[in-house]
Amino acid sequence: MNKHIFPIISLVCVIIIIILLIYQHFEKGGVTTDGWLTLLLMISMNMIHTPYWKEYFKK
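Quick look at the structure, then. For clarity, every value in this text was computed on a predicted model and none was experimentally measured. (Residues numbered from 1 in each chain as written. Predicted model: local features only at pLDDT ≥ 70, side-chain atom pairs only at ≥ 80, totals over all residues. Heavy atoms only, no water.)

Some words on a nonpolar patch on the surface
Together, Ile8, Val12, Ile16 and Leu20 give the surface a local cluster of nonpolar side chains, amounting to about 330 Å² of exposed area. Locating Leu20 in the fold gives a position in helix α1 (residues 5-28). (Patch = residues over 30% accessible without salt bridge, like charges linked within 9 Å, V, L, I, M, F, W, Y side chains within 5 Å. Areas by Shrake-Rupley, 256 points an atom, 1.4 Å probe, with all protein chains shown as cover. Salt bridge = Lys/Arg side-chain N within 4 Å of Asp/Glu carboxyl O. Helix = DSSP H or I, 4+ residues; strand = E, 2+ residues; numbered from the N terminus.)

Things to note about the nonpolar core
Counting residues in each nonpolar core, the largest one holds five residues, listed as Val14, Ile17, Leu21, Leu39 and Met42. At the level of secondary structure, the elements contributing two or more residues to this core comprise α1 and α2 (33-46). Of all the elements, α1 adds the most residues to this core, at three residues. Contacts of Val14, omitting those with residues within four sequence positions, involve Met42, Ile43 and Asn46. (Core = buried A, V, L, I, M, F, W, Y, C linked by side-chain atoms within 4.5 Å. Buried < 20%, exposed > 50% of the residue type's maximum accessible area, 1.4 Å probe, protein only. Contact = heavy atoms within 4.5 Å.)

What about the packing of aromatic side chains?
By the definition in use, this model includes five aromatic pairs. Arranged with centres 5.1 Å apart and planes meeting at 75°, the rings of Tyr52 and Trp53 form a pair that is edge-to-face. The rings of Tyr52, Trp53, Tyr56 and Phe57 are connected pair by pair, giving a single aromatic cluster. (Phe/Tyr/Trp six-rings, centres within 6.5 Å; stacked < 30°, edge-to-face > 60°.)

Here we look at α1
Residues separated by three or four positions in an α-helix point in the same direction, a consequence of the helix having 3.6 residues per turn. The end-to-end C-alpha distance of α1 is 34 Å, a good match for the 34 Å that 24 residues give at a rise of 1.5 Å each. Within the sequence span of α1, burial applies to Pro7, Ser10, Val14, Ile17 and Leu21. On its buried face, α1 sits against α2 and α3 (50-58). Note on α1: the residue one or two positions beyond its end, Gly29, has a positive phi of about 90°. (Expected span 1.5 Å × (residues − 1).)

So, to be careful, I would describe these as geometric facts and stop short of saying anything about function.
Below is the structure:
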């Protein structure tokens, strides 16, 4: 199985966005609508790579 860079980058972006949303929640007292929409967009983009992660964790 080949390692692809796009699923890994997508997963890293989701993790970074979650960390930034947690920071924004505790630092500024709330998360804006843009933050939630960005998280939703990145999760939906990460769902494209579901077959790759199934194959990766099947080992």
